[in-house]
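# Structural description and commentary
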Amino acid sequence: MNLDIKNLALLVPELMLTGTALVLILAARRIQKSSVVATVTVLAALVAALAAGAMGWLFSGDVQTGFDGMITVDGYSQFFKVLIASALALATLLSVRRTHGVFVPDADSGAPARTTGSATSFISPRLRIDAEHARPAEYHALLLLASTGMMFAVSALDLLTLYLGLELMTLCSYILVGITVDRPTSNEAAIKYFLLGSFASALMLYGISLAYGVTGATGFEAIASAISATGTGTNPILLVAIGLLTAGLAFKIAAFPFHAWAPDAYQGASAPVAAFLATASKATGLAALGRVCLVAFESEAGVLSAVLAVLAGLSIIVGSIIAVSQSDMKRLLAYSSIAHAGYALLGFISGTPAGASATMTYAFLYVFMTMGAFAVVIALGERGEKLDSYQGLAAQRPGTAALMLLFLLSLTGIPPTAGFTAKFVVILSVVRSGHFALAVLAVVCSVVTAFVYLRVVVLMYMKEPQEPAPPRFPVAVYAALAVAALVTMIGGIFPNILAPWAIAPGL
Amino acid sequence: MSEQYIEYIGIAASFLLAGGIAGAMVVLASTLGKKKPSTVKSEPFECGQKPFSVPGGKLAIKFYLTAILFILFDVELVFLYPWAVIYRTLGMEGLVKMGIFLGILMVGYVYAWDNGALKWQ
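Residues numbered from 1 in each chain as written. Chains lettered and ligands numbered in written order. Predicted model: local features only at pLDDT ≥ 70, side-chain atom pairs only at ≥ 80, totals over all residues. Heavy atoms only, no water.

Check the secondary structure of chain B and you find three helices and zero strands. Secondary structure elements in chain B, listed N-terminal to C-terminal, are α-α-α. On C-alpha atoms alone, chain B measures out to a radius of gyration of 27 Å, which is more than a quarter above the 14 Å that the 2.2 N^0.38 rule sets for 121 residues. Relative to its 121 residues, chain B shows a buried fraction of 9%. Just so you have it, chain B exposes about 10700 Å², and 71% of that area is on carbon and sulfur atoms. Across chain B, the centroid of the 10 positively charged side chains sits 19 Å from that of the 8 negatively charged ones. (Helix = DSSP H or I, 4+ residues; strand = E, 2+ residues; numbered from the N terminus. Rg over C-alpha atoms; globule rule 2.2 N^0.38 Å. Buried < 20%, exposed > 50% of the residue type's maximum accessible area, 1.4 Å probe, protein only. Areas by Shrake-Rupley, 256 points an atom, 1.4 Å probe, with all protein chains shown as cover. Lys, Arg positive; Asp, Glu negative; His and termini not counted. Charge placed at Lys NZ, Arg CZ, Asp CG, Glu CD.)

Turning our eyes to something else, we now look at the overall build of chain A. For chain A, the count of helices and strands is 19 helices and four strands. For chain A, the C-alpha radius of gyration of 22 Å lies close to 23 Å, the compact-globule estimate for 507 residues. Referenced to the eigenvectors of the C-alpha coordinate spread, the extents of chain A come out at roughly 75 × 55 × 40 Å. Here chain A holds 507 residues, and 60% of them are scored as buried. Look at the contacts in chain A between residues 6 or more apart in sequence, and 82% of them connect residues 24 or more apart. (Contact = heavy atoms within 4.5 Å.)

What follows covers the environment of valine 154 of chain A. Residue and element names in this part refer to chain A. Residue placement: valine 154 occurs in helix 5 (residues 136-155). When the C-alpha atoms of valine 154 and isoleucine 349 are compared, they prove to be 19 Å apart, with 195 residues separating the residues in sequence. In this structure, valine 154 is in contact with Ser77, Phe80, Lys81, Ile84, Thr284, Ala287 and Arg291, ignoring residues within four places of it in sequence.

So, about the packing of helix 14 (residues 353-379) of chain A against helix 16 (residues 398-412) of chain A. Residue and element names in this part refer to chain A. Closest axis-to-axis distance for the helix 14/helix 16 pair is 9 Å, and the angle between their directions is 145°. The two elements helix 14 and helix 16 cross, and the hand of that crossing is left-handed. Across the interface between the two elements, Met369, Thr370, Gly372, Ala373 and Val376 of helix 14 pack against Thr400, Met404, Phe407, Ser410 and Leu411 of helix 16. Among the residues making up the contact of helix 14 with helix 16, the classes are represented as six nonpolar, four polar and no charged. (Axes fitted to C-alpha atoms, helices over the stretch in contact; angles between N-to-C directions. Left-handed = near helix turned anticlockwise from the far one by under 90°. Nonpolar A, V, L, I, M, F, W, Y, C, P; charged D, E, K, R; others polar.)

Along its 27 residues, helix 18 (residues 436-462) of chain A runs 38 Å from first to last C-alpha, staying within 8% of the 39 Å computed at 1.5 Å per residue. At tyrosine 453 of chain A, helix 18 of chain A shows its strongest bend, of approximately 25°. (Expected span 1.5 Å × (residues − 1). Bend = angle between axes of the 7 residues up to and from the residue.)

Another aspect to go through is the nonpolar core. Judged by nonpolar contacts, the single largest core of 173 residues is most densely connected at Phe80, Leu162, Phe297, Leu345, Leu346 and Tyr390 of chain A. Setting aside residues no more than four positions away along its own chain, leucine 345 of chain A makes contact with Ile253, Ala255, Leu286, Leu289, Leu308, Leu311 and Ala312 of chain A. Within the second largest apolar cluster, five residues are counted, among which are Leu72, Leu105, Ala112 and Ala117 of chain B. (Core = buried A, V, L, I, M, F, W, Y, C linked by side-chain atoms within 4.5 Å.)

This structure, assessed with the given rule, holds 10 salt bridges over all chains. Measuring nitrogen to oxygen at the nearest pair gives 3.2 Å for the salt bridge that ties arginine 29 of chain A to aspartate 114 of chain B. You can see arginine 29 of chain A sitting in the loop between helix 2 (12-26) and helix 3 (34-58) and its partner aspartate 114 of chain B sitting in helix 3 (residues 87-114), one on each of two chains. Ionic pairing is found between aspartate 328 of chain A and lysine 386 of chain A, a salt bridge with its closest N-O pair at 3.3 Å. Of this pair, aspartate 328 of chain A sits in the loop between helix 12 (301-324) and helix 13 (329-349) while lysine 386 of chain A is found in the loop between helix 14 and helix 15 (393-396), placing the two residues 58 residues apart along the sequence. Judged by relative accessible area, aspartate 328 of chain A falls into the buried class, the value being 5%. One salt-bridge network, held together by shared partners, links Glu188, Lys192, Asp264 and Arg331 of chain A. (Salt bridge = Lys/Arg side-chain N within 4 Å of Asp/Glu carboxyl O.)

Further remarks concern the interface of chain A and chain B. Chain A puts 10 residues into the contact, and the matching count from chain B is nine residues. Of the roughly 880 Å² buried at the junction of chain A and chain B (both faces included), carbon and sulfur atoms supply 62%. Joining chain A to chain B, the criterion identifies two salt bridges. Run the count over chain A and chain B and you get three residue pairs in polar contact (both at pLDDT 80 or more). With three residues, the top contributor of residues to the side of chain A that touches chain B is helix 2 of chain A. The residue makeup of the side of chain A that touches chain B, split by class, is five nonpolar, no polar and five charged. (Buried area = accessible area lost by both parts, 1.4 Å probe. Polar contact = N/O pair within 3.5 Å; in protein donor to acceptor, adjacent residues only side chain to side chain.)

To continue, consider helix 6 (residues 159-177) of chain A. Residues and elements named next belong to chain A. Relative to the 27 Å expected for 19 residues at 1.5 Å per residue, helix 6 spans 26 Å between its end C-alpha atoms, a close match to the ideal helical length. Across the 19 residues that make up helix 6, a large majority, 14, are buried. The distance from a side-chain oxygen at the start of helix 6 to the backbone nitrogen of leucine 160 is 2.9 Å, and the residue carrying that oxygen is aspartate 158.

Averaged over every residue, the pLDDT of chain B is 84; the share at 70 or more is 93%. Per-element confidence in chain B ranges from a low mean pLDDT of 85 for helix 2 (residues 61-85) of chain B to a high of 93 for helix 1 (residues 9-32) of chain B. (pLDDT = per-residue confidence, 0-100.)

With that settled, consider a nonpolar patch on the surface. Residue and element names in this part refer to chain A. Taken together, the side chains of Leu486, Met489, Ile490, Ile493, Phe494 and Ile497 present a nonpolar region at the surface, about 550 Å² in accessible area. For isoleucine 497, the position within the fold is in the segment after helix 19 (475-493). Residue classification places isoleucine 497 among the partly exposed residues on the basis of a relative accessible area of 42%. (Patch = residues over 30% accessible without salt bridge, like charges linked within 9 Å, V, L, I, M, F, W, Y side chains within 5 Å.)

Moving on, we come to the packing of aromatic side chains. Applying the stated criterion across every chain yields a total of 15 aromatic pairs over all chains. Pairing phenylalanine 364 of chain A with phenylalanine 368 of chain A gives two aromatic rings, centres 5.2 Å apart and planes at 40°, and the pair type is tilted. Here phenylalanine 364 of chain A pairs with phenylalanine 368 of chain A, and both are found in helix 14, just four residues apart, close to one helical turn. The pair phenylalanine 364 of chain A / phenylalanine 368 of chain A is uniform in exposure class, with both members buried. Here phenylalanine 79 of chain B and phenylalanine 101 of chain B contribute two aromatic rings whose centre-to-centre distance is 5.0 Å and whose plane-to-plane angle is 55°, an arrangement assigned as tilted. Here the residue phenylalanine 79 of chain B occupies a position in helix 2, and phenylalanine 101 of chain B occupies one in helix 3, the gap between them amounting to 22 residues. (Phe/Tyr/Trp six-rings, centres within 6.5 Å; stacked < 30°, edge-to-face > 60°.)

Residues and elements named next belong to chain A. Note that the residue after phenylalanine 256, namely proline 257, is joined by a cis bond; omega there is 0°. Positioned with a positive phi, phenylalanine 67 is a non-glycine residue whose angle comes to about 50°. Note on placement: phenylalanine 67 falls in the loop between strand 1 (64-66) and strand 2 (71-73). Classification of phenylalanine 67 as partly exposed rests on a relative accessible area of 31%. Of note in the backbone geometry, aspartate 68 takes a positive phi value of approximately 55° without being a glycine.

The next thing to look at is the packing of helix 9 (residues 236-252) of chain A against helix 12 of chain A. Residue and element names in this part refer to chain A. Remark: helix 9 packs on helix 12, axes separated minimally by 11 Å, with the N-to-C direction vectors making an angle of 35°. Crossing angle aside, the handedness with which helix 9 passes helix 12 is right-handed. Side by side, helix 9 and helix 12 meet where Leu239, Ile242, Thr246 and Ala250 of the first sit next to Val303, Leu304, Val307, Leu308 and Leu311 of the second. A breakdown of the residues in the contact of helix 9 with helix 12 according to their chemical character gives eight nonpolar, one polar and no charged.

Have a look at this one:
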């Protein structure tokens with residue numbers, strides 16, 4: 001029993017989130033106020049983030065493993081757990097209005113609807129409570145359980161634990177995408193995401209079974225030692241297994257050619273869910289891919305770096321170019337997230353710990369700047385979804401427009417923002433590993449994406465307003481915007497601030 | 001034939017026998033049998049189903065709920081049987097762990113009950 005308590009102690013953040021989710025499920029019918037549920041969820045996420053951070057700090061010297069080597073607690077896992085918990089907290093803050101109902105602006109006069117900005121006024125006469133919408137407790141329980149799955153996936157030290165964590169994450173994501181059952185686009189997005197997602201999961205499972213067939217193990221360390229014992233690059237079945245595993249994980253991060261679900265899912269899902277998928281889900285996929293590449297298949301680094309280079313290069317090209325022709329803001333951000341998945345993969349190509357920590361830095365900063373961009377979309381309500389609606393926003397809401405400018409500059413990668421730091425570290429890592437062509441491609445495509453993002457800036461600052469000013473948004477959205485903006489600025493001004501925490505996984 | 005394949009001979013033989021008997025019955029029936037075709041007989045046949053109908057007929061959602069609830073209890077039972085067999089060996093630790101497992105499963109059950117999934121109306 002003592003051993004079990006030690007094992008459970010390694011899972012404090014996960015247990016925190018699971019426990020909260022179970023309580024919310026039990027009380028789902030009794031809690032109707034979304035502000036209560038959101039507060040509970042944010043608190044749970046903060047406690048989980050603190051616990052994960054504290055454990056990462058405590059165990060920074062010696063790596064802890066538990067449950068017979070299924071789970072590990074190291075700097076790498078705790079870094080991503082803090083990131084996931086933060087993304088959960090931000091997504092929860094952004095959901096505050098959504099789960100209450102659909103915002104109905106003043107239709108007759110065209111004047112902005114009056115809502116006061118205080119924390120208790122989420123329900124106003126202007127908010128229609130939509131009976132078809134899920135109850136807030138169920139929605140937040142799904143968010144919490146998805147985050148639990150992500151946390152398991154990032155600390156998994158075994159292919160089956162990894163698969164289990166990723167499945168918990170994706171099963172909750174399917175429901176979250178389709179949770180607005182009264183919107184046909186939401187249902188369509190959920191079905192598309194589910195069909196492609198289950199196919200990708202099957203591919204990954206097939207890869208796991210082949211890897212087990214070749215090496216006789218599912219644990220990362222056992223796989224690594226089995227491969228080094230038999231010699232590398234000799235077994236074609238092992239290469240197929242690596243290809244299938246990479247494909248399954250590339251689906252989770254929406255890298256080309258496994259990206260097709262992302263634009264539809266993001267567009268159909270409600271914006272906070274899309275934000276959560278684009279950030280936390282992608283960070284989890286990257287974390288899992290990093291551990292699989294650097295620990296389990298370390299000795300196949302040559303093959304892996306070729307596969308990852310192709311995935312990264314194509315994702316950057318496709319994501320950047322298709323984003324140019326988008327007129328829907330969420331689709332634009334989806335293609336941008338595909339390009340960013342490519343950039344994030346650049347770090348893993350080198351196969352070195354330095355490269356992995358470059359990707360970790362990228363993932364961390366990417367989560368906050370994307371969350372910020374989505375926060376602005378959410379804050380503007382219906383208006384935020386269409387690109388043309390951003391015309392003249394700077395004249396109507398200078399603060400919101402300035403924040404959007406900050407996030408868009410960061411997504412482009414312009415110096416004083418976090419995006420520059422992120423792109424700098426991954427491109428530096430690619431150059432150090434000798435892939436100069438890929439580095440040039442990454443920089444050239446940055447220019448293409450600059451056109452994409454700056455187009456929004458031009459609309460905001462250089463056009464006349466076409467629509468009435470958007471209503472004020474809830475305090476929770478302000479809080480999320482503030483946090484995202486703060487991290488985006490700090491990450492740009494102090495580029496080395498993440499370096500001590502971005503510890504690559506080791507054996 | 002090498003030693004390791006000998007044990008598969010039985011399987012191969014039963015495959016051949018099964019295929020042979022089934023094939024022979026189909027062939028014999030179609031060559032030797034008398035044929036008196038009628039409209040009903042030449043319809044594509046599936047036990048009791050109408051051969052042609054408009055697809056996408058409505059199915060009550062409560063069957064779906066029943067099926068989901070069945071899975072909930074079925075998974076529980078699948079775990080409970082082997083646990084009961086080695087219950088004494090596992091001792092107190094096994095009891096606590098099973099309690100946690102059932103507790104989490106019961107949350108789902110209580111949720112379903114609470115939301116009226118058990119009412120058949």
